[in-house]
Amino acid sequence: MGRTTAKKTKTRRTIPLSADRLRAGWPGPAGTRIRRARAQDTEAADTLLQTAVGQRLVPALRSAIEDGTEGAAVLDGLDGTRKTFRKSFAHHTAGHTAAESMSSTSLTLVATDTQDQPVGVLSATAPANVIGKAMDAGYPGDRALALSVFIAKIHGLAVAEEARGQGIGAALMKRAWQVYHQLDYFLLYGSYETHRDLAAFYTRCGYTVLAPGEAVSLDRIALPFSVGVEDSECIFTRWRPLH
C-alpha cells in the first residue's frame with residue numbers, strides 16, 4: 001500500500017511591531033535605516049519635503065516631533081492593543097487642542113544614511129480634510145476627530161535626489177502601512193499632482209490610484225460623503241482587507 005505524504009505549507013508569521021522597534025528602526029535599502037523621526041531630523045525632513053514636493057511638515061506636527069509627543073497614541077497602541085490605542089488617543093484629546101490630538105496619531109518616518117542624516121521622509125497625518133467634511137456633515141467635533149484612529153493621510157513623501165532609484169520611498173511606504181495596519185486602520189490615502197506621474201509607484205506599493213480629479217467614497221466605512229481633489233491631482237488609496 002503506497003504511502004501518502006502531505007506537503008507542509010510554510011506560512012510566514014508576521015511579527016508584531018513594537019514602539020521600541022519603531023524608535024530604533026529597520027535596515028533599509030542602500031545602507032539606510034528607516035525609523036521614527038526625532039527632534040534633530042525636523043529641519044532636514046522639512047527641507048526634503050519642500051524641495052521634492054513643495055510641501056512642509058505641518059507646523060503642529062513639527063512641534064510635536066521636536067518635543068517628543070508626535071505619535072504618542074501610536075506608540076502606546078503598538079505596545080498594547082487596539083483598545084490601548086483608542087484609550088491613549090482619548091487621553092491625548094481630553095483638554096488638548098485638535099492639533100495636539102491629531103498629532104498623537106500622526107507618524108513621521110525618516111530614512112537615514114550611514115551618518116544618520118535623513119535622505120528620505122514620509123509624513124502621515126490625521127485626515128484633516130475628512131474630519132472637516134464630517135463636521136460639515138453635522139458630526140459632533142469629538143466624533144469627527146475620532147476618525148483619526150481609523151484613517152490616516154500620507155501628507156508627503158520625499159527622497160533626496162542623490163538617493164532616488166534605490167527603493168527608499170517604497171520602504172518608507174511599507175513601514176507606514178505596517179504600523180497603521182497593526183492598529184487596524186481602515187484606510188491610508190494621499191494625493192499627488194498628475195504631472196509627477198507616480199501611478200506606477202503607488203500601485204507597486206499596494207495602493208489603488210484613482211483617475212485625475214476622482215473623489216474617494218467613504219461609504220465603505222459608513223461615512224456619507226467623499227473626499228475629492230482638483231482635476232490636476234490623483235488620489236491613491238489602500239483599504240484594510242475585509243477578511
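Conventions used here
- Residues numbered from 1 in each chain as written.
- Predicted model: local features only at pLDDT ≥ 70, side-chain atom pairs only at ≥ 80, totals over all residues.
- Heavy atoms only, no water.
- Phe/Tyr/Trp six-rings, centres within 6.5 Å; stacked < 30°, edge-to-face > 60°.
- Helix = DSSP H or I, 4+ residues; strand = E, 2+ residues; numbered from the N terminus.
- Pairing = 2+ DSSP bridges.
- Contact = heavy atoms within 4.5 Å.
- Axes fitted to C-alpha atoms, helices over the stretch in contact; angles between N-to-C directions.
- Salt bridge = Lys/Arg side-chain N within 4 Å of Asp/Glu carboxyl O.
- Buried < 20%, exposed > 50% of the residue type's maximum accessible area, 1.4 Å probe, protein only.
- 1 Å grid on protein atoms, 1.4 Å probe; cavity = no way out; pocket = protein on both sides within 12 Å on 5 of 7 lines; lining within 4 Å.
- Points joined across faces, edges and corners; volume = space filled by probe spheres on them.
- Nonpolar A, V, L, I, M, F, W, Y, C, P; charged D, E, K, R; others polar.
- pLDDT = per-residue confidence, 0-100.
- Core = buried A, V, L, I, M, F, W, Y, C linked by side-chain atoms within 4.5 Å.
- Polar contact = N/O pair within 3.5 Å; in protein donor to acceptor, adjacent residues only side chain to side chain.

Moving on, we come to the packing of aromatic side chains. How two aromatic rings sit relative to each other is given by the distance of their centres and the angle of their planes. If you walk through the whole model with that rule in mind, you get nine aromatic pairs. Ring centres of Phe85 and Tyr185 lie 5.9 Å apart, and the angle between their planes is 40 degrees; on these two criteria the pair is classed as tilted. Of the two residues, Phe85 is situated in helix 5 (residues 82-93) and Tyr185 in the loop between helix 9 (168-182) and strand 6 (187-193); the sequence distance between them amounts to 100 residues. Taken together, Tyr192, Phe201, Tyr202, Tyr207 and Phe236 form an aromatic cluster joined through their ring pairs.

Now for the sheet that holds strand 6. Taken together, eight strands build an open sheet; the order of strands is 1-2-3-4-5-6-10-7 and the sheet is mixed. A single partner strand is all that each edge strand has here, and the edge strands are strand 1 (26-27) and strand 7 (208-209). The pairing of strand 5 (residues 151-159) with strand 6 spans four bridges and is parallel. Note that in strand 6 the partner of Lys153 across the bridge is Tyr189. Its contacts with the sheet place helix 9 against strand 1, strand 2 (33-36), strand 3 (107-112), strand 4 (118-125), strand 5, strand 6 and strand 10 (233-239), and it is angled at close to 145 degrees to strand 3.

Here we come to the pattern of salt bridges. Within this structure, the stated rule accounts for eight salt bridges. With its nearest N and O atoms 3.1 Å apart, the salt bridge here joins Arg23 to Asp20. One end of the pair is Arg23 and the other is Asp20, both in helix 1 (residues 19-24) and three residues apart, which spans about a single turn. The class of Arg23 is partly exposed, set by a relative accessible area of 36%. A relative accessible area of 53% means that Asp20 is categorised as exposed. A salt bridge links Asp116 to Arg35; the shortest N-O distance between them is 3.1 Å. Of this pair, Asp116 sits in the loop between strand 3 and strand 4 while Arg35 is found in strand 2, placing the two residues 81 residues apart along the sequence. A relative accessible area of 34% places Asp116 in the partly exposed class.

Taken as a whole, the largest pocket holds about 630 Å³ of empty space. Elements with a minimum of two residues in the lining of the largest pocket: helix 2 (42-53), strand 5, helix 9, strand 6, helix 10 (199-204) and strand 10. Here the lining of the largest pocket gets seven residues from one element, more than from any other, and that element is strand 5. Of the residues in the lining of the largest pocket, the class split is 14 nonpolar, eight polar and five charged.

In this model, the chain carries a mean pLDDT of 93, and residues with pLDDT of at least 70 account for 94%. Of the regions scoring below 50 in pLDDT, residues 1-11 engages in zero contacts with residues more than four places distant in sequence or in other chains.

On to the nonpolar core, then. Ranked by internal contacts, the top residues of the largest apolar core, which has 74 residues, are Leu22, Val130, Met173, Tyr202, Leu218 and Leu223. Broken down by element, the residue count for this core peaks at eight residues, all from helix 9. Leave out the neighbours within four places in its chain, and Leu218 touches Val130, Leu187, Leu223, Phe225, Val227 and Trp239.

Here we come to the environment of Lys174. Within the fold, Lys174 resides in helix 9. Note: C-alpha distance between Lys174 and Glu193 (19 residues apart in sequence) is 21 Å.

Let us now look at the environment of Arg23. The spacing of Arg23 and Arg33 is 10 residues in sequence and 11 Å in space, taken between C-alpha atoms. For Arg23, the contacting residues outside a window of four places in its chain are Arg35, Arg36, Arg38 and Leu75. A polar atom in the side chain of Arg23 sits 3.1 Å from the side chain of Asp20.

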